[in-house]
Amino acid sequence: MTTQTVQNEEKKGGFFANFKFPSAYTILFVLIALVALMTWIVPAGQYDRAMNEDLGREVPVTGTYQAVEGNPQGVIDVLLAPIDGFYDHNSYEAAAIDVSLFILIIGGFLGLVTKTGAIDAGIERVTDRLKGREEMMIPILMALFAAGGTIYGMAEESLPFYTLLVPVMMAARFDPLVAAATVLLGAGIGVLGSTINPFATVIAANASGIPFTDGIVLRVIMLVIGWGICVAYVMRYARMVRADQTKSIVYDKYEENKAHFLKNADAGSLEFTGTRKLILAIFAASFGVMIYGVSVAGWWMAEISAMFLAATILTGIVARMSEEEFTSSFIDGARDLLGVALIIGIARGIVVVMDRGMITDTILFSAEQMVTGLSSVVFINVMFFLEILLSFLVPSTSGLAVLTMPIMAPLADFAGVGRELVITAYQSASGLVNLITPTSAVVMGGLAIARVPYVRWVKWVAPLLGILLVFCIIVLSLGAML
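Worth saying up front: this structure is predicted, and the values here are computed from it rather than measured. (Residues numbered from 1 in each chain as written. Predicted model: local features only at pLDDT ≥ 70, side-chain atom pairs only at ≥ 80, totals over all residues. Heavy atoms only, no water.)

Before we move on, can you summarise helix α11 (residues 216-243) with the specific residues and values?
An ideal rise of 1.5 Å per residue puts 40 Å on 28 residues; α11 measures up with 40 Å between its terminal C-alpha atoms. Looking at α11, one finds that the buried residues are Arg219, Met222, Leu223, Gly226, Cys230, Val231, Tyr233, Val234, Met235, Tyr237, Ala238 and Val241. Taken together, the buried residues of α11 touch α7 (137-152), α9 (176-192), α10 (198-208), α20 (419-433) and α22 (454-481). (Helix = DSSP H or I, 4+ residues; strand = E, 2+ residues; numbered from the N terminus. Expected span 1.5 Å × (residues − 1). Buried < 20%, exposed > 50% of the residue type's maximum accessible area, 1.4 Å probe, protein only. Contact = heavy atoms within 4.5 Å.)

Before we move on, could you go through the packing of helix α5 (residues 96-115) against helix α15 (residues 323-336) and cite the residues and values that matter?
With their axes 6 Å apart at the nearest point, α5 and α15 run at an angle of 125° to one another. If you check the angle between α5 and α15, you find them oblique. You can see that α5 and α15 cross each other, and the crossing is right-handed. Of α15, the residues touching α5 (which contributes Leu104, Ile105, Gly107, Gly108, Phe109, Gly111, Leu112 and Lys115) are Glu325, Phe326, Ser329, Phe330, Gly333 and Ala334. Taken together, the residues of the contact of α5 with α15 break down into seven nonpolar, five polar and two charged. (Axes fitted to C-alpha atoms, helices over the stretch in contact; angles between N-to-C directions. Parallel < 35°, antiparallel > 145°, perpendicular 65-115°, else oblique. Left-handed = near helix turned anticlockwise from the far one by under 90°. Nonpolar A, V, L, I, M, F, W, Y, C, P; charged D, E, K, R; others polar.)

Can you lay out the packing of helix α18 (residues 376-393) against helix α19 (residues 397-415) for me, pointing to particular residues and giving the numbers?
One way to put it is that α18 packs onto α19 with a least axis distance of 11 Å and a crossing angle of 170°. Taken together, the axes of α18 and α19 are roughly antiparallel relative to one another. Side by side, α18 and α19 meet where Ser376, Phe379, Met383, Glu387, Leu390 and Ser391 of the first sit next to Leu400, Thr404, Met405, Met408, Leu411, Ala412 and Ala415 of the second. Of the residues contributing to the contact of α18 with α19, the split by class is nine nonpolar, three polar and one charged.

Have a look at this one:
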């Protein structure tokens, strides 16, 4: 099917067929405006806060909610929200400005490495070696990303892998969506089934007053089965696209994506020189050092950015680039990810408006009222759906844990449910929502890097979300009955 054919078919559908859905920037600005409107409608309120020594910060105290004077957000607040979003240090997250700077440095690093031809030469060798077995990359890589998710809550750290995997998957005759799904669903299912994730399970357990190992068996089961479901879903689509490229949901952008991600695809075979091998070794080592630094040495955005900056300089030296070529390649690479960096700040603006409008605690209080006095099975499922709603408003897993667990976990005692099951419900809900929520910088940023329109991603992943939703309900219900 040609692009012209697609356009002709769209014309037959009239106005709605020709309707173009807004970009991610517009979607996020509309959400900021809607949340600002809510601050005029939803009564303002606050819980008292008390210092939790284990968490090192103040947490809400159950039973202390009270109405306070409102602070409705106006037009100026809406316009300031994306700016303030860059500097907001909400809920254990790095400020968006830190993440955005990290993204720009990663873009520069990737631009420099791409300029040397090392990535394209490496992709050629990988695809030659995997001929006939390319689809095996999907379960292996998704297992690695799931391990990162369940162990240390891999999120912003996954963003560089989109740029790396899209050309690999396209060279293997898949499409950018397969690459995006491999990273996003892989790390996402790991977070959904967090076992020792310090930014979800451990924080939630500390806020609930129980050991983080309580309930770990159930979470391991969710992790393994959930990974299997996601792998099967992605592989089914990948096989379909490989057999017929017109089945790709981004087929109309095929030539554009090929030109962007496979710049040297039509230039013939690239020589895999010693210099290119060394550059690829530096490239691979950089990601290994990043993972070690985050999971073991306690690094965050500043340290990771500095490490990639050092790797960029080292790559330029090995490639024997001139100063002009080095700086222009770095700036061109950073420019490619500038839109992603902007999306991250805009997404954080939503939480800024909600907090400043003082409606976050009001929503939490309403959730507390809804689960009081329910039977165990009903309680845990209502809790799960409430956490889903709250996850859209607070996409940070750690932020959601600190906000909700001090209030929700004690309620489990009255429903005859273990507090560890409430934690499982919270992280399942948060993990599920963070596969699609437009308030997540990781979702919007990753899709922007892979050039997969947000609306098409939601449409493609919706059936999988339905399967995972039913799966979580079954597991939580069984957990409440046992």
